[in-house]
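# Chain and residue survey
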Amino acid sequence: MYNFFRELRRRNVFRVAGVYAVVGWLIAQISSVLESSLSLPDWFDAVVVTLLLLGFPVAMLLAWAFEMTAEGMKPTKSVPADQSITAKTGQRLDYVIIAGLVLVIGLVGFQMIASPSGVSEQAGATAPGEASIAVLPFADMSATGDQEYFSDGIAEELLNVLAQVPDLQVAGRTSAFAFKGQNKDLREIGDILKVAHILEGSVRKAGDKVRITAQLIEVDSGYHLWSETYDRDMTDIFAVQDEISAAITAELVPRLTGNAPVQVARASDIDAYELYLLARQQEKGAITETFAQAAETLDRALGIDPDYVPALAWRSYYELMMSDAQGATGTTPFDKASATARPLIARAIELDPKSPDALFARAGLYLFEDNFAEAERFYRLALVQRPNFPYARNDLGYLYMRQGELEKAMEQFEIALEHDPALDDANNNVFAIYLGNGEFEKAKAALDRWSRISPDSPSLQFCYARYHVVTGNYAALVDMLEKDGDGPFTDRFSNFLPFIWATLGEYDKALDLASGPGRNTILLAMNRPEDAIRQARAYAEANPDGEDEYMFILHMTQGWDAIVDHYTEKYSSAEVFELSTAHPPYANYVPALIYTGHVDGEILLEYWADHVAGHMKEAPNNADNEYSLARIAVLRGEGSEEVMGHLNRAFELGNRNRGVSIEPIFRGFEDQASFNAYVDRVEAALNAERAKLDLPPKPLPRDIGG
C-alpha cells in the first residue's frame, strides 16, 4: 500500500487533484456569476458543478496513466525512469496551486467585504439604507380638482426613472400611493416603507401650462434637503420629469455607487401619455372590469401613438388578464386573448428590446402558455432592466408557485413586498401559500401586516373573508360584514353572506340575500328539489354562467341520465371536456359518467385526480383538495379508511360542508360509524358558530332538503 501511495505522489496525481479542485471552484464561481448576469436558467450552475464532479475521476485516471515529457504527453509505462520529468512537472503544478489559492482567498475576501453580513437579497432590504426613497403621490392643486390621474402619473413616472438608478432602493408604487389622502407623519411613512428619504410634491395644471413643485425630505430629521418649482408648457412635461429626477439623483450621489438614471421610453404625443397615465390608474382593483376599462383607454392612446412601448406592453397584459387562463380574471378564451396580445408584445419588443414593460408582457404570455422556462427567462430579463419591478418579481414568484416550488415563490413575493409592501398580488400570494399549507396563524399574520399599510384595500378584506371561511369562523365573517354596513366591502363581496347563512342552515336569510344561480342551490337545501331543478334549468338556458349550478343540482338529486345527455351533447369526449376550461367541473360530471358506465368516466376520474395533484403543488394542505380526494377515493373503490382519512383531514383544515351528509357519492357510508362520527363533528362545529350568533342548534340534513 505504501508503494502505491508513493507512486501516486511520483505521478503527481495528488497535485493534479489539487489543481483540479482550485480551478474547478473558480469555474463554479464564474458560472454562478454568468447565470445571474446573463439571466441563464437556474439549473445552469448546477450542471456546471455536476460536469466538474464527473470530470474529477477522469482527470485522476489521466494523471495516473499519462505523463508530460519534453516530447509531449506519453503513457507513463512507456517513459523510462531516467527520462521522467515528473519532479519538474510537480513543481510547476505547485506554482499553479499556489496562484489558484491566492485567487480563491482574494475572491472570498472580496465577497466578505462586499457583503459582510452574508444575508440574502430578501433580508438585505429590511433596514432603510441612506440610498432609499419613496415617491408619494403628488397632490392635485388644479382649480377643478380633476387632474388626480395626471398628478399621480407624474409621481409614477418619476418613480420609474429613479427605480433604474443602480443601488437606489425605491419603494413600490402601490405602497407609496397607499398613503394618498392620509395625514400621516413622514417618519411613520418612512418606517413602514423602510426608506430614508421621501419625495412629495404637487401639480397645478391650467390649460397648456403646468406647475410642478417637488421637495426631497430626510425621514429621520424631517429636514427639506432640496425643493424646486417648475413652470412649463405641457409639451415640455417629459423634460420636467427628467430635471426633477436628475436633481434628486444629484442630491443622493454621495450615497450611491451606481450611475445616473436611465431614460425610460417616452410617448411622442402628450395626449397619448395622459391616456397611458389614466389607464394605469383605472387598472386599480385588478379585476376584469378594471382591466377592460384600462384596455379601452390604452386603445385610445395607441390610436394617437401606435408605437408607444409602455402602452403596447400594458395593453397586451390587460388582454391576457381578461382571459380564462389559469391565474387570469376573465372569461375570454385564451386563444382569442393571446391572438390579440401577441402582436402588441412583438411590436413593443421590436421598438425597444430592453423595455422592462415589454419583457414583462412577453414573460406573462409565456406563463399563461405554461412555458415556464421562457417565462422565467423573460421575467429575469425584465428585472435586469428594472430591478425595482414588483410586478415582475411577484409574477416570477407565481410562476414558482405554479410549479410547486413554494420556498422559491415565497422568496420572490417577500422581495417584491420589500420594495412595495402594499402590492395586492404579492400580499395575496403570501397569504395563499400559508392558507394552502394549513398554516393559519401565519396566514393571519400576513393579513395583519398587509392591513398596517392598506387597511381599506378590497383585496385585503376579501382575503380576511377567505380566511374566516377556510377556518370555519363564520360568525366572525358575519360580524365583519355587519360592521362594514353598506360600505364598499359589503357591496362588492356580499355573495359571501348567502353562502354563510346557507352553511349555517339559515336558508330563509340566505334566499333573501342571494341573487343569480346561487338561489337554486338554496331552494334545494330547503327541500324544494323540483323548484330548484326547474329554475336552474331555465336560468342555465338563458345564462351560460348558470350551467355549473344546474349540473350540481342534477348531481345532488342523482339525475345521472340528464347529466350524461348534457355531457354528450356539449363535450362529446373526455379530451374536449378537459380542454374546455382551466378548471373543468369534474365533480358535477364524473360520478354520473361512472355510475352509468360511460366509457369516459374512468378517463375523467384520472384527469380529476391529476388536476387535484396539480393544485396540491400550490396548496399541499388545502381542505378543498382533501374533500375532492375523498370523493375520488370513493369513485375508485378505495376502502373507507382512505376515504375517512381525507374527510377528517379536510375537517382539520377547516372544511365545514353542510351537504356532506346528503352527498350522493357518500351514500354507501351512511351506516358506517366513522362516517357518522365525521358528520357529527361537522354538525357540532357549525352549531358552535350558530351559538356565537345567538342561534339555537340545528341538525345537518339527512336527506335532500332535510
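Residues numbered from 1 in each chain as written. Predicted model: local features only at pLDDT ≥ 70, side-chain atom pairs only at ≥ 80, totals over all residues. Heavy atoms only, no water.

You'll find the protein entered in an unreviewed UniProt entry as Tetratricopeptide repeat protein, with Aquisalinus luteolus given as the organism.

### Observations concerning the overall build of the protein
Secondary structure assignment for the protein yields 33 helices and eight strands. For the protein, the proportion of contacts with a sequence separation of at least 24, taken over those separated by at least 6, is 60%. Put simply, the protein shows about 32900 Å² of open surface, and 55% of that area lies on carbon and sulfur atoms. (Helix = DSSP H or I, 4+ residues; strand = E, 2+ residues; numbered from the N terminus. Contact = heavy atoms within 4.5 Å. Areas by Shrake-Rupley, 256 points an atom, 1.4 Å probe, with all protein chains shown as cover.)

### Quick notes on helix H9 (residues 270-282)
Over its 13 residues, H9 runs 18 Å from end to end, which matches the ideal 18 Å to within 8%, given 1.5 Å per residue. With respect to burial, H9 is a largely interior element, 12 of its 13 residues being buried. Along H9, the residues classified as buried are Ile-270, Ala-272, Tyr-273, Glu-274, Leu-275, Tyr-276, Leu-277, Leu-278, Ala-279, Arg-280, Gln-281 and Gln-282. (Expected span 1.5 Å × (residues − 1). Buried < 20%, exposed > 50% of the residue type's maximum accessible area, 1.4 Å probe, protein only.)

### So, the side chain of Ser-132
Assignment of secondary structure puts Ser-132 in strand E3 (residues 132-135). Here Ala-196 takes part through its backbone nitrogen, which lies 2.8 Å from a polar atom of the side chain of Ser-132. If we skip the residues at most four places from it in the chain, Ser-132 touches Leu-168, Gln-169, Lys-194, Val-195, Ala-196 and His-197. (Polar contact = N/O pair within 3.5 Å; in protein donor to acceptor, adjacent residues only side chain to side chain.)

### Comments concerning the pairing of strand E7 (residues 209-218)
As paired strands, strand E6 (residues 197-206) and E7 are joined by 10 bridges and run antiparallel to one another. Residue Leu-199 lies in a different strand from E7, and its bridge partner there is Leu-216. In this structure, E7 lies alongside strand E8 (residues 224-233), joined through nine bridges in antiparallel fashion. Looking at E8, one finds that Gln-215 is bridged to Ser-227. The turn linking E7 back onto E8 is made up of five residues, and Gly-222 within it adopts a positive phi angle of 80°. (Pairing = 2+ DSSP bridges.)

### Some details on empty space enclosed by the protein
Evaluation of the coordinates by the stated rule reveals one cavity of 30 Å³ or more. Of the voids in this model, the largest cavity is the one considered here, and its volume is about 160 Å³. Lining the largest cavity we find 16 residues, and of these Leu-159, Asn-160, Arg-386, Phe-389 and Tyr-391 sit closest to its centre. If you list the elements that add at least two residues to the lining of the largest cavity, you get helix H5 (148-162), H9 and helix H15 (390-402). Among the elements that line the lining of the largest cavity, the one with the most residues is H5, at three residues. Of the residues that constitute the lining of the largest cavity, the class distribution is seven nonpolar, three polar and six charged. (1 Å grid on protein atoms, 1.4 Å probe; cavity = no way out; pocket = protein on both sides within 12 Å on 5 of 7 lines; lining within 4 Å. Points joined across faces, edges and corners; volume = space filled by probe spheres on them. Nonpolar A, V, L, I, M, F, W, Y, C, P; charged D, E, K, R; others polar.)

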